[in-house]
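Residue-level listing of the chains:
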Amino acid sequence: MSDQQHPSDRPAVSSTVVIIVVAVLLVVGLGGAILIHIIRPDASATYTAQALQFLGFMVTVLTLIYSVNKVSAQVGQVQKQTNGTNTQLLEDNKRLHEEKAELARQLPPKD
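Residues numbered from 1 in each chain as written. Predicted model: local features only at pLDDT ≥ 70, side-chain atom pairs only at ≥ 80, totals over all residues. Heavy atoms only, no water.

Caption draft 1: Main features of the overall build of the protein chain. When its secondary structure is counted, the protein chain shows three helices and zero strands. Ordered by position from the N terminus, the helices and strands of the protein chain form the series α-α-α. When the 111 residues of the protein chain are sorted by exposure, 13% land in the buried category. Surface summary for the protein chain: the accessible area is close to 9,400 Å², and the carbon and sulfur share equals 65%. (Helix = DSSP H or I, 4+ residues; strand = E, 2+ residues; numbered from the N terminus. Buried < 20%, exposed > 50% of the residue type's maximum accessible area, 1.4 Å probe, protein only. Areas by Shrake-Rupley, 256 points an atom, 1.4 Å probe, with all protein chains shown as cover.)

And the structure:
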């Protein structure tokens, strides 16, 4: 087998990216709130509420993306371990049933 990773083993968004994006959004939102408070104090309440709503939305979206990537990685691991099918399990089951039938034929008849 090659040393290359399966595409599903590599998450599309890492936890570091999620933390950096949330931190940048917090800094931009805080900077904007301070700037709006200095320039137009009457509009600061509206801006702050909208900035917090946007930040909450972004955190929710990033959390969902990160969670979906984690689940996708686990599904990829299961598919890699089972080759995506139950073929081997079905073949083993069929073989064992055939052995059982052969052994049953070899038993002496019951009285």
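Caption draft 2: How the structure looks around the environment of Tyr47. Mapped onto the elements, Tyr47 comes out in helix α2 (residues 44-82). On the accessibility criterion, Tyr47 (25% relative accessible area) is partly exposed. With ten residues separating them along the chain, Tyr47 and His37 place their C-alpha atoms 9.2 Å apart. Excluding its chain neighbours within four sequence positions, the residues that come into contact with Tyr47 are Val28, Gly29, Gly32, Ala33 and Ile36. (Contact = heavy atoms within 4.5 Å.)

Caption draft 3: Summary view of the pattern of salt bridges. Counted by the stated rule, this structure contains three salt bridges. Arg40 is the salt-bridge partner of Asp42, the closest N and O atoms lying 3.5 Å from each other. For Arg40, a relative accessible area of 48% corresponds to the partly exposed category. (Salt bridge = Lys/Arg side-chain N within 4 Å of Asp/Glu carboxyl O.)

Caption draft 4: Representation of the environment of Leu26 within the structure. For Leu26, the position within the fold is in helix α1 (residues 15-39). Judged by its relative accessible area of 45%, Leu26 falls in the partly exposed class. Separated by 26 residues in the primary sequence, Leu26 and Leu52 place their C-alpha atoms 9.0 Å from one another.

Caption draft 5: Region of the structure containing α1. Here α1 contains 25 residues, and its C-alpha end-to-end distance of 36 Å stays within 8% of the 36 Å for a straight helix at 1.5 Å per residue. Among the residues of α1, Val18, Val22, Gly29, Gly32 and Ala33 are the ones counted as buried. (Expected span 1.5 Å × (residues − 1).)

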